[in-house]
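# Chains, contacts and geometry: an overview
Okay, here's what each chain looks like letter by letter:
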Amino acid sequence: QNFPKVESKPLNLPEKKYLWVFILAGQSNMAGRGLVEPKDTIPNERILTINQSGELILAKEPLHFYEPTMTGLDCGLSFGKHLLRHVPDSVSILLIPTAVGGSSISQWINDSTYRNVTLFKNFSEKAKIGSEYGKVKGIIWLQGESDAGQKETIDAYGSQLKVLMSKFRNEVGDMTLPIVIGELGSFSKTDSNWQAINQQIRDYAASDPNAYLISTKDLKDKGDKIHFNSAGQRKIGKRFAMEFKKILE
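Reference entry: report on the structure contained in this document.

Conventions and cut-offs
- Within each chain, residues carry numbers counting from 1 in the order of the written sequence.
- Selection of residues for local features in this predicted model requires a pLDDT of at least 70, selection of side-chain atom pairs for listing and counting requires 80 or more, and totals for whole chains, interfaces and linings are taken over all residues.
- Excluding hydrogens and water, the side-chain figures rest on all heavy atoms present in the structure.
- Starting at the N terminus, helices and strands are each numbered in turn, a helix being any DSSP run of H or I of at least four residues and a strand any DSSP run of E of at least two.
- Using C-alpha atoms as the atom set, the radius of gyration is obtained and then compared with a globule rule of 2.2 Å times the number of residues to the power 0.38.
- Each residue gets one of three labels from its accessible area relative to the maximum for its type: buried under 20%, exposed over 50%, partly exposed in between, using a 1.4 Å probe on protein chains only.
- When checking whether two residues touch, look at their non-hydrogen atoms; a contact exists if any pair is within 4.5 Å.
- To get an axis, a line is fitted to the C-alpha atoms, and for a helix only the part in contact is used. The angle between two axes follows their N-to-C directions and goes from 0 to 180 degrees.
- For classification purposes, angles smaller than 35 degrees are called roughly parallel, those larger than 145 roughly antiparallel, those between 65 and 115 roughly perpendicular, and all remaining angles oblique.
- Should the near helix be turned anticlockwise from the far one by less than a right angle, the crossing is termed left-handed; should it be turned clockwise, right-handed.
- Polar here means any residue other than Ala, Val, Leu, Ile, Met, Phe, Trp, Tyr, Cys and Pro, which are nonpolar, and Asp, Glu, Lys and Arg, which are charged; Gly is therefore polar.
- Basic side-chain nitrogens of Lys or Arg form a salt bridge, by our definition, when they fall within 4 Å of a carboxyl oxygen of Asp or Glu.
- Note on aromatic contacts: the rings of Phe and Tyr and the six-membered ring of Trp form a pair at centre separations within 6.5 Å, being stacked when their planes are under 30 degrees apart, edge-to-face when over 60 apart, and tilted otherwise.
- Two conditions define a charge located above a ring, namely a distance within 6 Å from the ring centre to NZ of Lys or CZ of Arg, and an angle within 35 degrees of the ring normal.

In terms of helices and strands, the chain carries seven helices and nine strands. The globule rule puts the C-alpha radius of gyration for 249 residues at 18 Å, and the 17 Å found for the chain is close to it. Seen through its principal axes, the chain has C-alpha atoms that stretch 50 × 40 × 35 Å. By residue count, 56% of the 249 residues in the chain fall in the buried class. At a minimum sequence separation of 6, the contacts of the chain that also span at least 24 residues come to 75%.

Take the packing of helix α5 (residues 151-172) against helix α6 (residues 191-207) next. Two elements in contact, α5 and α6, have axes whose closest approach is 9 Å; the angle formed by their N-to-C orientations is 45 degrees. Classified by the angle their axes make, α5 and α6 are oblique. Here α5 runs over α6; the crossing is right-handed. Along its contact with α5, which presents Ile154, Asp155, Tyr157, Gly158, Leu161, Lys162, Met165 and Arg169, the element α6 presents Asn193, Ala196, Ile197, Gln200, Ile201 and Tyr204. Tallied by class, residues from the contact of α5 with α6 come to eight nonpolar, three polar and three charged.

It is worth spelling out unusual backbone geometry at this point. In this structure, the amide linkage connecting Glu61 to the following residue, Pro62, adopts the cis form with an omega of -5 degrees. With respect to the element layout, Pro62 can be found in the loop between β3 (56-58) and α2 (76-84). In this structure, Asn116 takes a positive phi of about 70 degrees despite not being glycine. Tracing the sequence through the fold places Asn116 in the loop between β5 (113-114) and β6 (117-118).

The next point concerns the pattern of salt bridges. Under the criterion given, the structure shown has 10 salt bridges. Its salt-bridge partner being Asp208, residue Arg169 comes within 2.7 Å of it at the nearest N-O pair. Highlighted residues: Arg169 in helix α5 and Asp208 in the loop between α6 and β9 (211-214), separated in sequence by 39 residues. Judged by its relative accessible area of 6%, Arg169 is buried. Note that Lys245 is salt-bridged to Glu249, the shortest N-O span being 2.7 Å. On the basis of relative accessible area, Lys245 is assigned to the partly exposed category, the value being 25%. In this structure, a network of salt bridges that share partners links the residues Arg33, Glu67 and Arg115.

All chains considered together, the criterion is met by 12 aromatic pairs. Look at Phe22 and Phe244: their rings are 5.0 Å apart centre to centre, the planes differ by 70 degrees, and that puts the pair in the edge-to-face class. A residue pair is termed long-range when its members are at least 10 positions apart, and Phe22 in strand β1 (residues 19-26) and Phe244 in helix α7 (residues 230-248) qualify at 222 residues. Taking 4.5 Å as the distance between ring centres and 45 degrees as the angle between the ring planes, the aromatic pair formed by Phe65 and Tyr66 counts as tilted. Just as Phe65 is buried, Tyr66 falls in that class too. Within the aromatic cluster, the residues linked to one another by ring pairs are Trp108, Phe120, Phe123, Trp141 and Phe168. Across the ring face of Trp20, the terminal group of Lys137 is positioned such that the distance to the ring centre comes to 4.6 Å.

This part takes up the packing of α2 against α7. Pairs of packed helices are described in terms of their axes, by the angle between the two and the distance that separates them. Packing of α2 against α7 brings their axes to within 7 Å, and their N-to-C directions diverge by 40 degrees. Regarding the angle of α2 to α7, the classification is oblique. In this structure, α2 crosses over α7, and the sense of that crossing is right-handed. Packed against α2, whose contacting residues are Ser78, Phe79, His82 and Leu83, the element α7 presents Arg234, Gly237, Lys238, Phe240, Ala241, Met242, Phe244 and Lys245 at the interface. Across the contact of α2 with α7, the residue classes break down as six nonpolar, three polar and three charged.

The following block contains the structure:
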């Protein structure tokens, strides 16, 4: 899968105020299941991430490391590359991966342990690392497939988003922190359920002045009717970046 074999440490770290931190959270489409290609492993000295030990390294795909037998291309590096074009030259970006495939929103709220990751505790620990080195500027959330299976979880999704996003902001220490949410794709075998989750997402984003939305309805799956393909992941990254460009202007 063209995974990079070598970690590269940054030679110099920017001042804390010039290192903008973005936390990536959700389930498998945020954790990434796309095919990693060589172009996804070319680092930029201004885009950093963390390794499994919490050390800062230059970002190369795949960013997520919690599910080593399943992980693939996510949207993070694409997000960083596109956002860099619209921030001052003095700014660097730190991407903090926290997504775990298959996790439901209630598991995040209840700090459940799923696939050997205690979800909210892990978010808190990783957010703290980011805050040590830089300023948390936002959260990117892409999740909901696990909640689309039955009416009860679909109907509860919007209210649960409100609870979890508040918990995230409280943990970071900024109750007006921007959060950009990605819609589920439009290629599921149970598309009406996925679109019902998307409506919950849209309703929540409309109710929260610091929550924003990106569309994914035109993007393709990797052939499994669940996960975005590599081209889709790169476009998602760009769309997240363009939304944050508007937010941070």
